[in-house]
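Here's the letter readout for the chains.
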Amino acid sequence: MKLRHFLLCGALAMIGAGAMAQSGTPTGTPAAVAAKVQLRGEANDIVIPEMRIVRRNDVMVVQADMKNTTDSNRTVFYRFRWLDSSGSQVGDGESWKQITVLGHQIQTLKSVALHSSAVDFRLEMNVETQ
Amino acid sequence: MIKASILALAATLLLSACATGVQSPVVRFDRQVNYGDAKSVELVTNEFGSSDLQMIAEKMVGSLLETGIFQGRPTVTISTVKNKTSEYVDTTNVMNSIQTALVKSGKVRFTRSINEMQAGVDELQRQNQSGLYKSKTTAKVGQMTAAKYSMEGELTSIVKQNNTTKDVFYKFTLKLFDVEEGTIEWQDEKEIRKTSKR
């Protein structure tokens with residue numbers, strides 16, 4: 001099966017795009033990425049240096065790199081929320097997921113929109129220290 | 001004088017309202033029961049739970065849609081789902097979640113599975129053999145669409161335990177077979193590790 005692979009909006013090239021310390025977004029996360037993140041509480045040294053978004057076979061696929069900038073482990077609870085062109089949520093919403101990010105580790109989160117009407121997304125997350 | 005009395009009365013009413021508060025429209029007894037978020041991470045025990053089911057379904061559906069194997073809206077049927085763990089797990093539930101998400105995506109059509117077939121046959125016989133229906137309106141026998149693909153799943157687990165720690169590793173494997181050719185056209189798996197300490 002030949003895969004069609006369309007670039008949606010050119011990977012959000014944000015490495016080194018300048019750290020932004022906005023309220024409610026992880027410190028050290030570029031502004032373009034931070035706009036897609038809904039952080040609950042403190043980021044606790046977790047940053048999202050890069051997100052890649054593609055439209056593959058008519059569905060949106062997103063990958064987000066999550067980096068722990070400290071020596072100690074962090075527990076992250078997250079889910080992606082898919083939105084249609086009017087900003088409404090598509091479907092019932094994903095289940096929450098738990099992931100451990102070891103000290104100075106980068107974990108990649110991936111999600112696929114379950115309907116072709118999804119054109120945007122938000123990454124909801126909160127970070128617990130261990 | 002009158003104005004002062006009205007103000008005092010209003011303050012008293014306000015205070016009493018604050019003290020009692022409004023009652024929510026619920027029937028509640030002594031035991032505290034609340035509705036929770038069905039999508040929350042369930043960490044009650046490390047046995048197979050709702051979060052595992054949801055994560056498996058999301059991963060499998062995402063993987064299927066991403067590959068584009070469903071271009072042309074083919075027909076699919078659910079075949080067996082084997083539970084090879086030591087736990088009782090209703091594997092039908094996992095397949096139901098996968099099927100629901102795929103149907104809602106609009107990318108695929110599902111035909112009746114083996115378990116659902118008898119109900120379909122019964123309805124066809126009722127329409128065609130009971131003599132109750134106008135012949136123009138009855139569903140014709142022999143017009144069902146056969147499935148191009150068959151979906152088969154398997155859940156396995158590896159459990160390791162010592163005095164303080166229990167580690168459970170689940171693996172759900174899903175395969176999509178081309179019925180005519182007997183070939184595997186797509187396959188993916190979801191691994192889940194759950195560790196608990198006493």
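Residues numbered from 1 in each chain as written. Chains lettered and ligands numbered in written order. Predicted model: local features only at pLDDT ≥ 70, side-chain atom pairs only at ≥ 80, totals over all residues. Heavy atoms only, no water.

Caption draft 1: Structural detail: the side chain of A:Arg74. All names here are of chain A. Its place among the elements puts arginine 74 in strand β5 (residues 74–83). Only 2.7 Å separates the side chain of arginine 74 from the backbone oxygen of asparagine 44, close enough to count as a polar contact. Setting aside residues no more than four positions away along its own chain, arginine 74 makes contact with Asn44, Asp45, Ile46, Asn68, Ile99, Thr100, Val101, Val127, Glu128 and Thr129. (Helix = DSSP H or I, 4+ residues; strand = E, 2+ residues; numbered from the N terminus. Polar contact = N/O pair within 3.5 Å; in protein donor to acceptor, adjacent residues only side chain to side chain. Contact = heavy atoms within 4.5 Å.)

Caption draft 2: Up close: the side chain of B:Lys190. Residue and element names in this part refer to chain B. With respect to the helices, strands and loops of the structure, lysine 190 is situated in strand β5 (residues 184–197). One buried charged residue, lysine 190, remains without a salt bridge, the closest side chain of opposite sign being glutamate 58 at 8.2 Å. Not counting residues within four places of it along the chain, the set of residues in contact with lysine 190 comprises Met55, Ile56, Lys59, Met60, Tyr170, Lys171 and Phe172. (Buried < 20%, exposed > 50% of the residue type's maximum accessible area, 1.4 Å probe, protein only. Lys, Arg positive; Asp, Glu negative; His and termini not counted. Salt bridge = Lys/Arg side-chain N within 4 Å of Asp/Glu carboxyl O.)

Caption draft 3: Up close: the packing of aromatic side chains. The tally for this structure, following the rule as stated, stands at four aromatic pairs over all chains. Where A:Phe80 meets A:Phe121, the ring centres are 6.1 Å apart and the plane angle is 55 degrees; that geometry is what we call tilted. Placement of the pair is A:Phe80 in strand β5 and A:Phe121 in strand β8 (residues 120–129), with a sequence separation of 41 residues. In terms of burial, A:Phe80 and A:Phe121 fall into one category: buried. Summarising the aromatic geometry, the rings of B:Phe48 and B:Tyr170 are spaced 5.5 Å apart at their centres and angled 80 degrees between planes, so their arrangement reads as edge-to-face. Separated by 122 residues along the polypeptide, B:Phe48 in the loop between α1 (2–20) and α2 (50–67) and B:Tyr170 in strand β4 (residues 165–178) bring together distant segments of the chain. The two residues B:Phe48 and B:Tyr170 agree in class, both being buried. Ring pairing ties together the aromatic residues A:Tyr78, A:Phe80, A:Trp82 and A:Phe121, which thus form one cluster. (Phe/Tyr/Trp six-rings, centres within 6.5 Å; stacked < 30°, edge-to-face > 60°.)

Caption draft 4: Fine view of the sheet that holds β4(B). Residues and elements named next belong to chain B. Taken in spatial order, the five strands line up as β2-β1-β3-β4-β5 in an open sheet, and their pairing is mixed. Of all strands in the sheet, those with a lone pairing partner are β2 (109–110) and β5, marking the two edges. Note: strand β1 (residues 75–83) against strand β3 (residues 149–161), six bridges, orientation parallel. Bridge pairing links isoleucine 78 to methionine 151 in β3. Each of β3, β4 and β5 is contacted by α2, which is oriented at about 155 degrees to β5, the strand it contacts most. Relative to the sheet, helix α3 (residues 91–105) contacts β1, β2, β3 and β4, its axis offset from that of β1 by approximately 155 degrees. (Pairing = 2+ DSSP bridges. Axes fitted to C-alpha atoms, helices over the stretch in contact; angles between N-to-C directions.)

Caption draft 5: The packing of α2(B) against α3(B), seen in detail. All names here are of chain B. Running from N to C, α2 and α3 cross one another at 40 degrees; their axes reach a closest spacing of 9 Å. Classified by the angle between their axes, α2 and α3 sit oblique to one another. The chirality of how α2 crosses α3 is right-handed. Packed against α2, whose contacting residues are Leu53, Ile56, Ala57, Met60, Val61, Leu64 and Leu65, the element α3 presents Asn93, Val94, Ser97, Ile98, Ala101, Leu102 and Ser105 at the interface. (Parallel < 35°, antiparallel > 145°, perpendicular 65-115°, else oblique. Left-handed = near helix turned anticlockwise from the far one by under 90°.)

Caption draft 6: Region of the structure containing the confidence of the model for chain A. Chain-level pLDDT for chain A is 84 on average; 78% of the residues reach the 70-or-more range. Here residues 1–23 of chain A is modelled with pLDDT under 50, and outside its nearest four sequence neighbours on either side it reaches 45 contacts, counting other chains as well. (pLDDT = per-residue confidence, 0-100.)

Caption draft 7: The nonpolar core, seen in detail. Membership of the largest hydrophobic core comes to 36 residues, with the highest contact counts inside it found for B:Phe70, B:Ile98, B:Leu102, B:Met151, B:Phe172 and B:Leu176. Only β4 (59–68) of chain A together with α2, β1, α3, β3, β4 and β5 of chain B provide two or more residues apiece to this core. With eight residues, α2(B) is the single largest residue contributor to this core. B:Ile98 has contacts with B:Ala57, B:Met60, B:Val61, B:Met151, B:Phe172 and B:Leu174, leaving out every residue within four places of it along the chain. Counting residues in each nonpolar core, the second largest holds 26 residues, with A:Ile46, A:Ile48, A:Tyr78 and A:Ile99 among its members. (Core = buried A, V, L, I, M, F, W, Y, C linked by side-chain atoms within 4.5 Å.)

Caption draft 8: The arrangement of the interface of chain A and chain B in detail. At the junction of the two partners, chain A supplies 23 residues and chain B supplies 20 residues. Carbon and sulfur atoms make up 54% of the surface buried where chain A meets chain B, a total of about 1800 Å² over both sides. Joining chain A to chain B, the criterion identifies five salt bridges. Of the charged contacts, one joins A:Asp58 and B:Lys107 as a salt bridge, the two residues approaching to 2.7 Å between their closest N and O atoms. Linking chain A with chain B are ten residue pairs in polar contact (both at pLDDT 80 or more). The set of elements that each furnish at least two residues to the side of chain A that touches chain B consists of β4, β5, β6 (97–101) and β7 (106–112) of chain A. Residues that form the side of chain A that touches chain B fall into these classes: nine nonpolar, six polar and eight charged. (Buried area = accessible area lost by both parts, 1.4 Å probe. Nonpolar A, V, L, I, M, F, W, Y, C, P; charged D, E, K, R; others polar.)

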